[in-house]
Amino acid sequence: MIQIKNLHKSFGDFEVLKGVDLHVKQGEVVVILGPSGSGKSTVLRCINKLEEPTSGTIIVDGYDIMDHRTDINHVRTEATMVFQQFNLFPHMSVLENVTLGPIKVRGMSRNEANKLGLDLLGKVGLEEKAHNYPEQLSGGQKQRVAIARSLALRPKVILFDEPTSALDPELVGEVLEVMKRLAREGMTMVVVTHEMGFAKDVADRVIFIDEGRIQEEAEPETFFSNPRHPRLRDFLSKVVEH
Amino acid sequence: MAFDFEPSVMIDSIPTLLVGAKMTIIITVGGLFFGFLLGAIAGLMKLSRNMFVRRIAGVYVETIRGTPMLVQAMFLYFGLPMAIGIRIPAVVAGIVIIAVNSGAYIAEIVRGAVQSINVGQMEAGRTIGLTRGQTMRYIIWPQAFKRMIPPLGNQFIISLKDTSLLMIIGVGELLRTGDEIVAVNFRAFEVYLTVGIMYLCMTMSIAKALGMLEKRLHLKSQR
Ligand SMILES: Nc1ncnc2c1ncn2[C@@H]1O[C@H](COP(=O)(O)OP(=O)(O)O)[C@@H](O)[C@H]1O
Ligand SMILES: [Mg+2]
């Protein structure tokens, strides 16, 4: 589904990614761990080209995103993103947030989109909030709407960038619950998170990024019980478990 | 020489002054309509990724803001005909001057409002597959527009008052109409007082109307 080869990314003189290789298969859940500033977000943002990669190849759902002929808007609907800060559209109702993509991008009729939107809002447990505005929701509810907004495009993969990091601790669970359900239903997901519990329970593979490179990559079992890289051992010892 | 305040002069001047006020309104509304279009285009041009496009808008804004409106009006109405041989009607010249002038200031208002919208909004729009233009239209602009209303109101009021400068090129707007009355009856105190009150009524109406618009948008989106 996603093939990244030798990805480099610099901001000016500062090289953030120094050759990242990553393959994600259909239906797989890959969790990316790493210290703050290690380039986790940058990897995700290169996948849907919110950041322009400096060099390397990235193939998403068969599309070479480095090729200028590729319709990047289409690729983004197949590899959509959920942000730490939700980034809901504050001037639109919850339902409008969810239906905007299907209507404007997928060319769905409003009726059809509303049906789909209500269905998806039901799936994240927020059907009754359809006609509220984002600012009337809690952080956890906002993030669940953001997930529904992504799902509305029927994407092939969803990229999560620290989806629970901006939430009060008591609201983290409801968002993780929705994500777990998606994983069980076979959604392909790449998740940057500090939630070790989620990584252990849900991930098919866990990746540790540090200093612009993938330092370790393993199934959660091995990853957590037998970390080889010293930086990873150090990292894991510092992270509080939930 | 004792001064007698004559309220009746004020009353008597009203019908004539209203004709001038009507011209003031025509020029203000026409000028601001085109000024907003011009300002929105120039403001968005200033945000373009293309440096050449940004530069064009920059030259326009700097030129207009850096020269007095009176000079622009005299140049357009008296200067340009010397070169091209046609004099446009004073009213049209007035509308053009107000449009070009307010447009330069509105460009900065538009640019500032659009830039004040969190970059996350553009990114969220792009990640659901909208193009840059679509994101601008459906996500950024509606939010930015709400933030433009107070400074736009301010600019509308400034432009309305600026129309009084157009008396210099012979536009029969409110101040010039008052001037003509004074030339006949010499009651400068009463006539200019009435003129001032009329301007005040008009500027207060603008403030009121924009306040109502702001409230409506506020209610509509709950924020
Ligand atoms: N747009 C940018 N311009 C300059 N530097 C950036 C930009 N985005 C990220 N960086 C830098 O790149 C590094 C990695 O950032 P990021 O991928 O956000 O890290 P992480 O998500 O792992 O915390 C950080 O040092 C950050 O300061
Ligand atoms: Mg990050």
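Since the model is a prediction, treat every value here as computed from it, not as a measurement.

S.K.: Can you explain the environment of A:Asp71? Please cite residues and give values.
M.R.: Residues and elements named next belong to chain A. With respect to the helices and strands, the residue Asp71 is situated in the loop between strand S5 (63-64) and helix H2 (72-78). Note on Asp71: relative accessible area 45%, which makes it partly exposed. Within the local environment of Asp71, its side chain forms a polar contact with the backbone nitrogen of Asn73, the two atoms lying 3.1 Å apart.

S.K.: Before we move on, can you summarise the sheet that holds strand S10 (residues 213-218) of chain A with the specific residues and values?
M.R.: Residues and elements named next belong to chain A. Read from one edge to the other, the open sheet built from 6 strands follows the order S6-S7-S8-S3-S9-S10, with strand pairing classed as mixed. The open sheet has two free edges, formed respectively by strand S6 (79-82) and S10, since each of these has just one partner strand. Across the sheet, the mean angle separating the axes of adjacent strands is 20° when strand polarity is ignored. Summarising the sheet, strand S3 (residues 29-33) and strand S9 (residues 205-210) pair through 4 bridges and their orientation is parallel. Looking at the pairing, Val31 lines up with Val206 of S9. Set on the sheet, helix H5 (residues 139-151) makes contact with S6 and strand S7 (157-161); between it and S6 the angle comes to about 170°.

S.K.: Before we move on, can you summarise the packing of aromatic side chains with the specific residues and values?
M.R.: All names here are of chain B. Enumeration according to the criterion identifies 8 aromatic pairs over all chains in this entry. Between the aromatic rings of Phe33 and Phe34, the centroid separation amounts to 5.1 Å while the plane-to-plane angle is 80°, which identifies the pairing as edge-to-face. Measuring from ring centre to ring centre gives 6.3 Å for Phe36 and Phe145, while their planes differ by 80°; the resulting arrangement is edge-to-face. Here the residue Phe36 occupies a position in helix H1 (residues 7-46), and Phe145 occupies one in helix H6 (residues 132-162), the gap between them amounting to 109 residues. Through pairs of rings, three or more aromatic residues link up here, namely Phe3, Phe5 and Phe189.

S.K.: Before we move on, could you go through the site of ligand 1 and cite the residues and values that matter?
M.R.: Residue and element names in this part refer to chain A. In the region of ligand 1, the neighbouring residues are Phe11, Phe14, Val16, Pro35, Ser36, Gly37, Ser38, Gly39, Lys40, Ser41 and Thr42. Contact distances for ligand 1 include 2.8 Å between an oxygen atom and a backbone N or O atom of Lys40. Ser41 places a side-chain nitrogen or oxygen 2.6 Å from an oxygen atom of ligand 1. For ligand 1, whose free accessible area comes to 560 Å², the fraction covered by protein is 60%. When contributions to the shell around ligand 1 are tallied by element, the ones reaching two or more residues are strand S2 (14-24) and helix H1 (40-47). At 3 residues, the largest contribution of residues to the shell around ligand 1 is made by H1. Of the residues in the shell around ligand 1, the class split is 4 nonpolar, 6 polar and 1 charged.

S.K.: I'd like a description of the side chain of B:Glu190, backed by residues and values.
M.R.: All names here are of chain B. Positionally, Glu190 belongs in helix H8 (residues 188-221). Among the polar contacts listed, one links the side chain of Glu190 to the side chain of Arg187, at a separation of 2.8 Å. Leaving out residues up to four positions away in the same chain, Glu190 has contacts with Phe3, Asp4, Phe5, Glu6, Val9 and Met10.

S.K.: With reference to specific residues and values, describe the sheet that holds S2(A).
M.R.: Residues and elements named next belong to chain A. Reading across the sheet, the 4 strands line up as S2-S1-S4-S5 and stay open at both edges, with antiparallel pairing between neighbours. With one partner strand each, in any of the chains shown, S2 and S5 form the two edges of the open sheet. In terms of strand pairing, strand S1 (residues 2-11) meets strand S4 (residues 55-60) through 5 bridges, oriented antiparallel. Note that in S4 the partner of Ile2 across the bridge is Val60. Running over the sheet, H1 touches S1, S2 and S4 and is turned about 120° from S1.

S.K.: Give a description of the side chain of A:Lys49 that names residues and reports values.
M.R.: Secondary-structure assignment places A:Lys49 in the loop between H1 and S4. Residues contacting A:Lys49, with those up to four places away along its chain left out, are A:Ile65, A:Ile72 and A:Arg76.

S.K.: Quick one: what's the story with the interface of chain A and chain B, residue by residue and with numbers?
M.R.: If you look at the interface, chain A gives 24 residues, while chain B gives 21 residues. When the buried surface of chain A facing chain B is broken down by residue, A:Pro90, A:His91 and A:Lys104 rank first, second and third, together holding 25% of it. Our count for the contact surface shared by chain A and chain B stands at 1 salt bridge. Linking B:Glu123 and A:Arg45 is a salt bridge whose minimum nitrogen-to-oxygen distance equals 2.7 Å.

S.K.: Can you explain the environment of A:Gln3? Please cite residues and give values.
M.R.: Residue and element names in this part refer to chain A. Assignment of secondary structure puts Gln3 in strand S1. We classify Gln3 as partly exposed; its relative accessible area is 30%. Those residues in contact with Gln3 that sit more than four places away from it in its chain are Leu22, His23, Thr57, Ile58 and Ile59.

S.K.: An account of the packing of H1(B) against H6(B) is needed here, citing residue identities and associated values.
M.R.: How two helices pack is summed up by the angle between their axes together with the distance between the axes. Residue and element names in this part refer to chain B. Where H1 meets H6, the axes come as close as 11 Å, and the angle between the chain directions of the two elements is 140°. Considering the angle they form, H1 stands oblique to H6. Here the hand of the crossing between H1 and H6 comes out right-handed. Counting all contacts with H1, which are made through Thr24, Thr28, Leu32, Phe36, Ala40 and Leu44, the residues of H6 involved are Met136, Trp141, Phe145, Leu152, Phe156, Ser159 and Leu160. Split into classes, the residues belonging to the contact of H1 with H6 amount to 10 nonpolar, 3 polar and no charged.

S.K.: So what about the pattern of salt bridges? Which residues, and what values?
M.R.: Residue and element names in this part refer to chain A. Tallying each qualifying case throughout the model produces 19 salt bridges over all chains. We note a salt bridge from Asp210 to Arg231, for which the minimum N-O separation is 2.8 Å. You can see Asp210 sitting in strand S9 and its partner Arg231 sitting in helix H9 (residues 230-238), a full 21 residues away along the chain. On the accessibility criterion, Asp210 (5% relative accessible area) is buried. Residues Arg228 and Glu216 are paired through a salt bridge, measuring 3.8 Å at the closest nitrogen-oxygen approach.

S.K.: How would you sum up the nonpolar core? Please name residues and give values.
M.R.: All names here are of chain A. Residues Ile2 and Leu159 are the most contacted members of the largest nonpolar core, which totals 68 residues. For Ile2, the residues in contact, after removing those within four places along its chain, are Leu22, His23, Val24, Ile47, Ile59, Val157, Leu159 and Val190. Ala146, Ile147, Met187 and Ala203 belong to the second-largest nonpolar core, a separate cluster that totals 50 residues.

What counts, and at which threshold
- Position numbers for residues start from 1 in each chain and track the written sequence from start to end.
- Following the order in which they are written, the chains are lettered starting with A and the ligands numbered starting with 1.
- Two thresholds apply to this predicted model, a pLDDT of at least 70 for residue-level local features and 80 or more for giving and counting side-chain atom pairs, whereas whole-chain, interface and lining totals are computed over all residues.
- The side-chain numbers reported here are obtained from all heavy atoms of the structure, hydrogens and water having been left aside.
- Numbering goes from the N terminus for both helices and strands, where a helix is a DSSP run of H or I of at least four residues and a strand is a run of E of at least two.
- Think of it in three bands: with a 1.4 Å probe and only protein chains considered, a residue is buried below 20% of the maximum accessible area for its type, exposed above 50%, and partly exposed in between.
- Contacts described as polar in this section are N or O atom pairs within 3.5 Å, which, within protein, must combine one atom able to donate a hydrogen with one able to accept it, while residues neighboring in sequence count only if both atoms come from side chains.
- Two strands are said to pair when DSSP picks up at least two bridges between them.
- For helices, the fitted line uses only the C-alpha atoms of the stretch in contact; every axis is such a line through C-alpha atoms, and the angle between N-to-C directions lies from 0 to 180 degrees.
- Whether two residues touch is decided by their heavy atoms; if any such pair falls within 4.5 Å, the residues are in contact.
- Pairing of aromatic rings covers Phe, Tyr and Trp, the last through its six-membered ring, and needs centres within 6.5 Å; plane angles under 30 degrees mean stacked, over 60 mean edge-to-face, and all others mean tilted.
- What makes a residue near a molecule or strand is one non-hydrogen atom of that residue sitting within 4 Å of it.
- Only the protein chains shown count as cover for residues, and all accessible areas are computed by the Shrake-Rupley method using a 1.4 Å probe.
- Here the nonpolar group is Ala, Val, Leu, Ile, Met, Phe, Trp, Tyr, Cys and Pro; Asp, Glu, Lys and Arg are the charged ones; every other residue, Gly included, is treated as polar.
- Summed over both partners, buried area is the accessible surface (1.4 Å probe) that two parts give up on being assembled.
- Here, a salt bridge means any Lys or Arg side-chain nitrogen found within 4 Å of an Asp or Glu carboxyl oxygen.
- Oblique is the label for any angle not covered by the other classes, which are roughly parallel (under 35 degrees), roughly antiparallel (over 145) and roughly perpendicular (65 to 115).
- Crossing handedness is read from the near helix: turned anticlockwise from the far helix by less than a right angle, it gives a left-handed crossing, and turned clockwise, a right-handed one.
- Among buried residues, those of type Ala, Val, Leu, Ile, Met, Phe, Trp, Tyr and Cys that are joined through side-chain atoms within 4.5 Å constitute a nonpolar core.

Any link to function would need more than the numbers given here.
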